[in-house]
Amino acid sequence: MGLPDFLRDQVAKMSKNNLLASTKRTLLHEGPLNILENGKPTETYVFLFDDMILLTKQRKAQTHKKKSITSIPSENSPQPGTPVSRRKDAFIYTVHKPQLPLDRLDIMELDQQKATANGLKNAFVLIQMNRYQQVTAAYTLMSQEESTKSSWLSQLRGAKDKWMQMLRDERDNFQPSHRDAQRDRKRTL
């Protein structure tokens, strides 16, 4: 970051707060995938929530005191390098990439023959867009099995469709109808 040194600690504390604690967020799917980085596959553990995807690095937890993935209080985003542990499996998951909001995500399935010819077995691409529909990041993910890839694609598309519908419904509930707007204009004239 391009911050003066004296502000780094303050900004780091602000961004370390974790939005995983939201009681409205639901974990839909999770599992190991490989992410293509610098032309090489790297192991990653992916969490699909109802509103975002989180790409993490998995490592064995030490027997120290741990925080649960659901007990971290906050409203802000997890940052890369933020450790999150889950008690049930004794692993620590460190946020590897910034979270990917589903409403800013395109899911691209690769042609299997072309992908395999290029060394990308069972691969698909997640493309993150900004609010101006410009690509801000692209992540190529690969699974060990075709069935795992199909499951991930199905889960991702279903989650994105539901999230987008929820956002549309929420927006429609806050916008006055055309008839209400006309009535309000007549009252003010």
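Preceding block: the structure.
The paragraphs below set out a description of the structure included in this document.

Some points on the overall build of the protein chain
The secondary structure content of the protein chain amounts to four helices and nine strands. The helix and strand sequence of the protein chain, counted from the amino end, reads α-β-β-β-β-β-β-β-α-β-β-α-α. Expressed as a percentage of its 189 residues, the buried residues of the protein chain come to 37%. In the protein chain, the proportion of contacts linking residues at least 24 apart, taken out of those at least 6 apart, comes to 55%. Entry remark: accessible area of the protein chain is about 12,500 Å², with carbon and sulfur atoms responsible for 50%.

Looking at the side chain of Lys160
Mapped onto the secondary structure, Lys160 falls in helix α3 (residues 146-174). Accessibility expressed as a relative area gives 18% for Lys160, which makes it buried. With near-sequence residues (within four places) excluded, Lys160 lies in contact with Leu102, Leu105, Asp106 and Ile107.

Brief notes about the nonpolar core
Core analysis: the biggest nonpolar cluster contains 20 residues, and Ile53, Leu55, Phe124, Leu126 and Leu156 have the highest contact counts within it. Counting residues per element, the ones that place at least two in this core are β1 (27-37), β2 (40-49), β3 (52-60), β7 (105-109), β8 (123-129), β9 (135-142) and α3. It is α3 that provides the largest number of residues to this core, a total of five residues. Not counting residues within four places of it along the chain, the set of residues in contact with Ile53 comprises Val46, Phe47, Leu48, Gln99, Leu100, Leu102, Leu105, Leu126 and Leu156. Formed by eight residues, the second largest nonpolar core is a distinct cluster that contains Ala115, Leu120, Ala123 and Val125.

Examining the packing of aromatic side chains
Any aromatic ring pair is given by two values, namely how distant the centres are and how the planes are angled relative to each other. Taken as a whole and assessed by the stated rule, the structure comprises five aromatic pairs. Ring geometry for Tyr45 and Tyr93: centres 4.8 Å apart, planes at 45°, overall tilted. Residue Tyr45 is found in strand β2, and its partner Tyr93 is found in strand β5 (residues 91-95); the two are separated by 48 residues along the sequence. Each member of the pair, Tyr45 together with Tyr93, is buried. With centroids separated by 6.4 Å and ring planes inclined at 25°, the aromatic side chains of Phe47 and Phe49 adopt a geometry described as stacked.

Cut-offs used in this document
- Residues numbered from 1 in each chain as written.
- Predicted model: local features only at pLDDT ≥ 70, side-chain atom pairs only at ≥ 80, totals over all residues.
- Heavy atoms only, no water.
- Helix = DSSP H or I, 4+ residues; strand = E, 2+ residues; numbered from the N terminus.
- Buried < 20%, exposed > 50% of the residue type's maximum accessible area, 1.4 Å probe, protein only.
- Contact = heavy atoms within 4.5 Å.
- Areas by Shrake-Rupley, 256 points an atom, 1.4 Å probe, with all protein chains shown as cover.
- Core = buried A, V, L, I, M, F, W, Y, C linked by side-chain atoms within 4.5 Å.
- Phe/Tyr/Trp six-rings, centres within 6.5 Å; stacked < 30°, edge-to-face > 60°.

Function cannot be read off these values alone, since they describe shape.
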